[in-house]
Amino acid sequence: MSGFLITDIETLGTDADSVILSLAICYIDISSVATMTPLELVEYVREKSLFVKLDAKEQLAGGRKYSKSTLDWWASQPKATQEKSLIPSQNDVSRLDAYEKIKKYIADCNGKKMHMFARGSMDERILESFCNGLNVEPVTHWGNWRDVRTAIDVLYGSSFGYCGVDGLTKDKDINKHNPVDDIAFDVAMMLFGKVKND
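In this text, all values refer to a predicted model and were calculated from it rather than measured experimentally.

1. A word on the overall build of the chain
Alright, step 1. Within the chain, the secondary structure is distributed over 10 helices and 5 strands.
Alright, step 2. The principal-axis extents of the C-alpha atoms in the chain amount to approximately 50 × 40 × 30 Å.
Alright, step 3. Here the chain holds 198 residues, and 48% of them are scored as buried.
Alright, step 4. The long-range fraction of contacts in the chain, counting pairs at least 24 apart against all pairs at least 6 apart in sequence, stands at 77%.
Alright, step 5. Charged side chains in the chain number 24 positive and 29 negative. The centres of these two groups are separated by 2 Å.

2. Topic: the packing of helix α8 (residues 148-156) against helix α10 (residues 179-192)
Alright, step 1. Where α8 contacts α10, the axes come no closer than 9 Å and their chain directions differ by 25°. In terms of their interaxial angle, α8 and α10 are classed as roughly parallel. As for how α8 packs across α10, the hand of that crossing is left-handed. Listed contacts from α10 to Val148, Ala151, Ile152, Leu155 and Tyr156 of α8 are Asp186, Met189, Met190, Leu191 and Phe192.
Alright, step 2. Across the contact of α8 with α10, the residue classes break down as 9 nonpolar, no polar and 1 charged.

3. Some points on the sheet that holds strand β3 (residues 50-53)
Alright, step 1. The sheet built from 5 strands is open, its strands ordered β3-β2-β1-β4-β5 with mixed pairing. Each of the sheet's edge strands pairs with one partner strand only, and the pair in question is β3 and β5 (145-147). Within this sheet the neighbouring strands show an average axis-to-axis angle of 25°, counted without direction.
Alright, step 2. Of the strand pairs in this sheet, strand β4 (residues 116-118) and β5 are connected by 3 bridges, and their pairing is parallel. What sits directly across from Met116, in β5, is Trp145.

4. Some points on the packing of helix α6 (residues 95-108) against helix α7 (residues 122-134)
Alright, step 1. For the pair α6 and α7, the least separation of the axes is 11 Å and the interaxial angle reads 120°. Judged by the inter-axis angle, α6 sits oblique to α7. Crossing of α6 against α7: the hand is left-handed. In contact with Arg95, Leu96 and Tyr99 of α6, α7 contributes Phe130, Cys131, Gly133 and Leu134.
Alright, step 2. Split into classes, the residues belonging to the contact of α6 with α7 amount to 5 nonpolar, 1 polar and 1 charged.

What counts, and at which threshold
Residues numbered from 1 in each chain as written. Predicted model: local features only at pLDDT ≥ 70, side-chain atom pairs only at ≥ 80, totals over all residues. Heavy atoms only, no water. Helix = DSSP H or I, 4+ residues; strand = E, 2+ residues; numbered from the N terminus. Buried < 20%, exposed > 50% of the residue type's maximum accessible area, 1.4 Å probe, protein only. Contact = heavy atoms within 4.5 Å. Lys, Arg positive; Asp, Glu negative; His and termini not counted. Charge placed at Lys NZ, Arg CZ, Asp CG, Glu CD. Axes fitted to C-alpha atoms, helices over the stretch in contact; angles between N-to-C directions. Parallel < 35°, antiparallel > 145°, perpendicular 65-115°, else oblique. Left-handed = near helix turned anticlockwise from the far one by under 90°. Nonpolar A, V, L, I, M, F, W, Y, C, P; charged D, E, K, R; others polar. Pairing = 2+ DSSP bridges.

Geometry only, nothing functional implied.
Structural data, given as structure tokens:
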């Protein structure tokens, strides 16, 4: 495998029809990142990712939903995290514009048959519902999806989808709940993780 795609979304719920607040997707070229340090990888992902912030009101008007508990959780997050995904901005895009940007990014990576990693199945379910609501083809074929957590557990002996990475501190180097940084941390764990010692 010369590379893979990885995505992360921030939402207003965990159901398939939840509002998508923001999405990031990145193509990871294995030959480009193989000699990087974990911090260099984080910068690579920040530079190469597509980040899309969506218009939540348009999605609500189109029938997508939110949960009060998720909205309350967002209210408890740091201001910078809220500004990245939750708080509306003039740069928010429509559902169709977001879809077209994602499909173009994947096409530009020659990624029609490429593996697409995500953390668990929630992002896949929500993106499938999102595409169904637009009456468009999925962003990728169902058979391309792969789970970050499973990869990390198998590679490094964890049982919860996380592992340590030498030279990278999640609380210091990663902006949690920023989909670009969440991707960066997932890729760093998959490529540079530390084996769990029992």
